[in-house]
Amino acid sequence: MPLEDGDPARPRGRQVNGEVSGTPRLRGMGDPSLRGTTAPGGSRREGREPGPALGDGNVSPGGAPQRAGQHEEALMTELSELVQKVVKSSSWWERHGVDISILACSFLLLPAGFLCLRSAQAIPFLVGVLTLGVVHHTLTVKGSHLASHNALTKSKSWGKVWAIFFIELCSAFTVEQATYNHVKIHHGYTNVIGLGDSSTWKLPFLNRYVYMFIAPLAVPILTPLVALDLLRNVEWKAALRTLCCMFLGFYCHYWLLLHVSGFQSPWSALLCMLLTRSLLAHPYIHVNIFQHIGLPMFAADRKPKRIHLMSLGVLNLPRNALLDWSFGHSLISCHVEHHLFPSLSDNMCLKIKPIVSQYLKQKKLPYNEDTYSSRLRLFLQRYEELMVHAPPITELVGIQ
């Protein structure tokens, strides 16, 4: 979450409400974008060529970029070795089993949810709505997120199957565009202006209260519409597969509401679909903006190395039983760990959290944490600055 250009510089390195602030900023730099890269299906994006070395090690003062880059690479290597030891000593249950069990339990709750909706009494009916809403978000958010990073299994073939199931059948999105935009762009260029800066979540024509509290209700409608638009950028076979999966997912939900839950009219069934699919849409939108926007932003040719990029540009929220179950630890309390080691499952991100936090603090690197309520107040107070105006670019002097 960026500061306005007019904001005075604060002392370097401090964290305010979990927000790294006070790093000097450069003015007047244009927003970079990808140039010459090929999106899924052959579409082109204009802008700069992406790559892990783009601008890395080219930002330290005194003409010593190579030494600074080597130091940062050594830090990341050392942290990776510490994390790898934990991963190797962990069982299959810890690496994959816990999260697979959560997804399996969600499937097992589906019959109970649909049957509760048959009741004419308010309490059982609400229990059914809550059950289906939590299950839907567990499958579409947690399941899709893990599948996009191939964190559910070591097998690439099974990983593709799970990605199609969770992303296309359950979430009504296309696998190719989901993985490209999230894994390649957002993770590859976290908080880099014009690339992974979370700008896709901004709707500057909406005021703060509409965006924060009313617009999320439209997520179940907007998601498939955006997916249909993106199908132009993928091969026809992938587009046909996505259309079939999307239709099957929607129709199964609709059919179960009519024939199992006993809804009498199509409109009542569709309204119930909208209600359950938007149950946790508010925290879904909030989490996606709270954890990146308002933190330092960088130009593609002046971004720091990976360990600095992720420690500066990512924020953890506190643990929350409902959101941990539905969204996963890697999207809530272990988002820093997830961005540093994106192929790890939610449970493994939680397991390595003490190691990562201790290491970053020991090396005097930022480890951003803040509460949900604090970020909500921040965005309501500074909505125009954070969500409407173009974010300023952080100057990297002093980071190394």
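The name given to the protein chain in an unreviewed UniProt entry is FADS6 desaturase, with the source organism recorded as Platysteira castanea.

Engineer: Hey, could you run me through the packing of helix H3 (residues 122-148) against helix H4 (residues 156-170) in this one?
Structural biologist: As a packed pair, H3 and H4 sit with axes 9 Å apart at the nearest point and diverge in direction by 145°. Handedness of the crossing formed by H3 with H4: left-handed. Every residue of H4 that contacts H3 at His136, Leu139, Thr140, Gly143, Ser144, Ala147 and Ser148 is listed here: Gly159, Trp162, Ala163, Phe166, Ile167 and Cys170. Grouping the constituent residues of the contact of H3 with H4 by class yields seven nonpolar, six polar and no charged.

Engineer: Would you take a moment to explain the UniProt feature "transmembrane region" (unreviewed entry) in the protein chain for this structure?
Structural biologist: Listed under "transmembrane region" (unreviewed entry) in the UniProt record, and renumbered for this structure, are residues 209-231 and 238-260. Across residues 209-231, the secondary structure splits into 78% helix and 0% strand, with the terminal C-alpha atoms separated by 32 Å. For residues 238-260, the helix share is 96%, the strand share is 0%, and the end-to-end C-alpha distance is 32 Å.

Engineer: What exactly am I supposed to notice about the pattern of salt bridges here?
Structural biologist: Side-chain pairs of opposite charge can arise whenever the charged atoms involved come near each other. Applying the stated rule across the entire model yields 13 salt bridges. Note that Asp99 and Lys142 form a salt bridge whose closest N and O atoms lie 2.7 Å from each other. Note that Asp99 is positioned in helix H2 (residues 92-116) and Lys142 in helix H3, a separation of 43 residues in sequence. For the residue pair Asp99 and Lys142, the accessibility class agrees, reading buried in each case. As a salt-bridge pair, Glu385 and Arg382 come within 2.8 Å of each other at their nearest N and O atoms. You'll find Glu385 and Arg382 in the same group, each marked buried. Beyond isolated ion pairs, a larger network of salt bridges with shared partners links Lys160, Glu168, Glu176 and Arg241.

Engineer: Got a minute to help me understand the environment of Gln84 in this structure?
Structural biologist: Checked against the element boundaries, Gln84 lands in helix H1 (residues 65-88). When the C-alpha positions of Gln84 and Ile352 are compared, they lie 9.5 Å apart, and in sequence the two are 268 residues distant.

Engineer: Explain the nonpolar core here, please?
Structural biologist: Across soluble globular proteins, you tend to see nonpolar side chains buried next to one another. Counting 25 residues, the largest nonpolar core has Leu340, Phe341, Val356 and Leu360 as its most contacted members. Contributions of two or more residues to this core are made by H1, helix H11 (306-313), helix H13 (335-340) and helix H14 (346-362). Setting aside its immediate chain neighbours within four residues, Phe341 contacts Met76, Leu79, Ser80, Val83, Arg306, Ile352 and Val356. Counting residues in each nonpolar core, the second largest holds 20 residues, with Val135, Ala147, Phe166 and Ile167 among its members.

Engineer: I would appreciate a short explanation of H14 in the present structure.
Structural biologist: Since the α-helix advances by 3.6 residues per turn, residues separated by three or four positions end up pointing in the same direction. Compared with the 24 Å implied by 1.5 Å per residue over 17 residues, the 24 Å span of H14 between its first and last C-alpha is a close match. Along H14, the sharpest change in direction is near 45° and occurs at Ile352; proline Pro354 comes one to four residues later. Residues Asp346, Asn347, Met348, Cys349, Ile352, Lys353, Val356, Ser357, Tyr359 and Leu360 constitute the buried set of H14. Backbone geometry just downstream of H14 places Lys364 in the positive-phi region, at approximately 60°.

Engineer: Would you mind showing me how to read H4 here?
Structural biologist: If you check H4, its first and last C-alpha atoms are 20 Å apart, about what 15 residues at 1.5 Å a residue would give, namely 21 Å. Put simply, Ser155 is the residue that caps the front of H4, since its side-chain oxygen is 3.4 Å from the backbone nitrogen of Ser157. Positive backbone phi, at 60°, marks Ala172, one or two positions downstream of H4.

Engineer: What is the right way to read the packing of H3 against helix H9 (residues 266-277) from this model?
Structural biologist: Think of two packed helices as two axes; the pair is described by the angle between the axes and how far apart they sit. Put simply, H3 and H9 touch, their axes get as near as 8 Å, and they point 60° apart. In this view, H3 runs oblique relative to H9, as classed from their interaxial angle. The two elements H3 and H9 cross, and the hand of that crossing is right-handed. Across the interface between the two elements, Val129, Leu132, Gly133, His136 and His137 from H3 touch Leu275, Thr276 and Arg277 from H9. Along the lines of polarity and charge, the residues of the contact of H3 with H9 split into three nonpolar, four polar and one charged.

Engineer: Would you take a moment to explain the packing of aromatic side chains for this structure?
Structural biologist: Evaluation of the coordinates by the stated rule reveals 12 aromatic pairs. Summarising the aromatic geometry, the rings of Phe107 and Phe165 are spaced 5.6 Å apart at their centres and angled 45° between planes, so their arrangement reads as tilted. Here Phe107, found in helix H2, pairs with Phe165, found in helix H4; they are 58 residues apart in sequence, far enough to count as distant. Summarising the aromatic geometry, the rings of Tyr211 and Tyr383 are spaced 5.9 Å apart at their centres and angled 45° between planes, so their arrangement reads as tilted.

Engineer: I'm lost on the layout of surface pockets in this one. Help?
Structural biologist: Any empty space left between the atoms is revealed when a probe the size of a water molecule rolls over them. Considering only enclosed or pocket space, the second largest pocket measures out at about 390 Å³ in volume. As for the second largest pocket, its lining consists of 19 residues, and the residues nearest its centre are Leu110, Leu139, Cys170, Gly249 and His253. Of the residues contributing to the lining of the second largest pocket, the split by class is 13 nonpolar, five polar and one charged.

Engineer: Is there a simple way to think about unusual backbone geometry in this case?
Structural biologist: A negative phi angle characterises most non-glycine residues, just as the trans form characterises most peptide bonds. Phi is positive for Ala172, which is not a glycine, with a value near 60°. On the accessibility criterion, Ala172 (3% relative accessible area) is buried. The backbone of Asn191 shows a phi angle near 60°, a positive value even though the residue is not glycine. Looking at where Asn191 falls in the secondary structure, it is placed in the loop between helix H5 (175-187) and helix H6 (208-214). Accessibility expressed as a relative area gives 0% for Asn191, which makes it buried.

Engineer: Just to check I follow, could you spell out the environment of Val356 for this structure?
Structural biologist: Structurally, Val356 is set in helix H14. Considering only alpha carbons, one finds Val356 and Val83, 273 residues apart in sequence, at a separation of 7.9 Å. Aside from chain neighbours lying at most four places away, what touches Val356 is Leu79, Val83, Glu337, Leu340, Phe341 and Tyr367.

Parameters at a glance
Residues numbered from 1 in each chain as written. Predicted model: local features only at pLDDT ≥ 70, side-chain atom pairs only at ≥ 80, totals over all residues. Heavy atoms only, no water. Axes fitted to C-alpha atoms, helices over the stretch in contact; angles between N-to-C directions. Helix = DSSP H or I, 4+ residues; strand = E, 2+ residues; numbered from the N terminus. Left-handed = near helix turned anticlockwise from the far one by under 90°. Contact = heavy atoms within 4.5 Å. Nonpolar A, V, L, I, M, F, W, Y, C, P; charged D, E, K, R; others polar. UniProt positions renumbered as here; feature names shortened; annotations may be inferred. Salt bridge = Lys/Arg side-chain N within 4 Å of Asp/Glu carboxyl O. Buried < 20%, exposed > 50% of the residue type's maximum accessible area, 1.4 Å probe, protein only. Core = buried A, V, L, I, M, F, W, Y, C linked by side-chain atoms within 4.5 Å. Expected span 1.5 Å × (residues − 1). Bend = angle between axes of the 7 residues up to and from the residue. Polar contact = N/O pair within 3.5 Å; in protein donor to acceptor, adjacent residues only side chain to side chain. Parallel < 35°, antiparallel > 145°, perpendicular 65-115°, else oblique. Phe/Tyr/Trp six-rings, centres within 6.5 Å; stacked < 30°, edge-to-face > 60°. 1 Å grid on protein atoms, 1.4 Å probe; cavity = no way out; pocket = protein on both sides within 12 Å on 5 of 7 lines; lining within 4 Å. Points joined across faces, edges and corners; volume = space filled by probe spheres on them.

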